[in-house]
Amino acid sequence: MSLGVGIVKTLAESGFVSGQSLADQFGVSRAAINHHVKRLVEQGVEIHRVKGKGYRLGVPLSPLDVDRITTFFRQHSPDFVPEFHVLEETESTNTFLRQHLVGGGAWLDACFAESQTAGRGRLGRKWLSVPYQSVLMSVAHELEGGPSASAGLSLAVGLAIVRALDESGFPGCRLKWPNDLIFDGRKLGGILIEITGELGGSCISIIGIGLNLHLPATMAKQCGQPVIDLQSACNRFIDRNLLASQMLSHLLNVLSKFSRTGFAPFVDEWQQRHAHRGRLIKVTRGRDVLEGMALGVDEGGALRLRDSSSRVHRITTGEVMA
Ligand code: BTN
């Protein structure tokens, strides 16, 4: 455990803690504690310092813990415990998992990270997050039918996350095609799926999910679109270990069913959660913009849109501007 993680864990369990008692606890100088606290603050972790009292977290948080995630997972799915890692910091959980598996590492179902130094979003965008204040995870899923078997996969993944949020007591999350998680019209999280392997043969999809739990206003402004975090949306304490285990458990269940059936059995539930169903939307595809009423999705995961001349379009790539 790094000193930074140690400090966060101690602060998460206590109220104010003095710099001296942190230094004694970890056997380092007070200057080393100051240095690490400064770095955490620069990364966006809210730590307040009050003269005579010490340090305290600005918002309550629960660091990820393999044992706690495993215990929660067993309660939910007693017959199977996945192989997963929790990383303190990594470039991107998708990159980590891909390199691990392609590099011949032992099979890993998933990995979580407390922070990413180069988190990636869809369409070449960056994914911003504050350490300890998101769920950043990637899950590996084998596509036996090759890349063509992935039609609708990202939509099914979105549904799994919505189910996990519902079950963890955070209802009300909706889905924006193809796979944004939306709350109150703003983006709560996103999904990035990358496929590795050979065309035609079996391949591995790396499914990356980022969910905002607490996003400081300064970072929210840098996101380039309206965003929200779960803390502001629901205003109650979030046990990240419980939420992480629920997300993993629902995801693995959905992926196991998806392997057998594809997206078809998920269509109705997805429509119930569709953020734009029956609404007028614009969809950009490169330079083209299509406008019309969102009808929903089909069994291949495509968005169906009816334009003003009643022509129904089947859209497989693009971005909804609503
Ligand atoms: C999007 O909406 O643009 C997709 C965002 C996906 C972000 C997650 S965070 C965990 C995983 N690692 C990454 O680098 N990206 C995904």
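**Describing helix α6 (residues 153–167)**
Move 1: Helix length check: α6 (15 residues) gives 21 Å between terminal C-alpha atoms against 21 Å at 1.5 Å per residue, within 8%.
Move 2: Most of α6 sits inside the fold, with twelve of its 15 residues counted as buried.
Move 3: Of the residues making up α6, those classed as buried are Leu153, Ser154, Leu155, Ala156, Val157, Gly158, Leu159, Ala160, Ile161, Val162, Ala164 and Leu165.
Move 4: Looking one or two residues beyond α6, the residue adopting positive phi is Gly169, at roughly 90°.

**Observations concerning the sheet that holds strand β13 (residues 312–315)**
Move 1: On the basis of which strands lie adjacent, the open sheet formed by five strands has the order β13-β12-β11-β10-β14 and antiparallel pairing. This sheet does not close on itself; its edge strands, each paired only once, are β13 and β14 (319–321). Ignoring which end each strand starts from, the neighbouring axes of this sheet average 50° apart.
Move 2: Across six bridges, strand β10 (residues 280–285) lies against strand β11 (residues 288–297) in antiparallel orientation. By the bridge assignment, Thr284 is partnered in β11 with Val289.

**Quick look at the pattern of salt bridges**
Move 1: According to the stated counting rule, one finds ten salt bridges in the structure shown.
Move 2: Where Arg68 meets Asp239, a salt bridge forms, and the shortest distance between an N and an O atom there is 2.9 Å. One end of the pair, Arg68, is in helix α4 (residues 66–76); the other, Asp239, is in the loop between α8 (230–234) and α9 (240–261), and 171 residues separate them in sequence.
Move 3: For Arg68, a relative accessible area of 34% corresponds to the partly exposed category.
Move 4: With a closest N to O distance of 2.7 Å, Glu114 and Arg240 form a salt bridge.

Conventions we followed
Residues numbered from 1 in each chain as written. Predicted model: local features only at pLDDT ≥ 70, side-chain atom pairs only at ≥ 80, totals over all residues. Heavy atoms only, no water. Helix = DSSP H or I, 4+ residues; strand = E, 2+ residues; numbered from the N terminus. Expected span 1.5 Å × (residues − 1). Buried < 20%, exposed > 50% of the residue type's maximum accessible area, 1.4 Å probe, protein only. Pairing = 2+ DSSP bridges. Axes fitted to C-alpha atoms, helices over the stretch in contact; angles between N-to-C directions. Salt bridge = Lys/Arg side-chain N within 4 Å of Asp/Glu carboxyl O.

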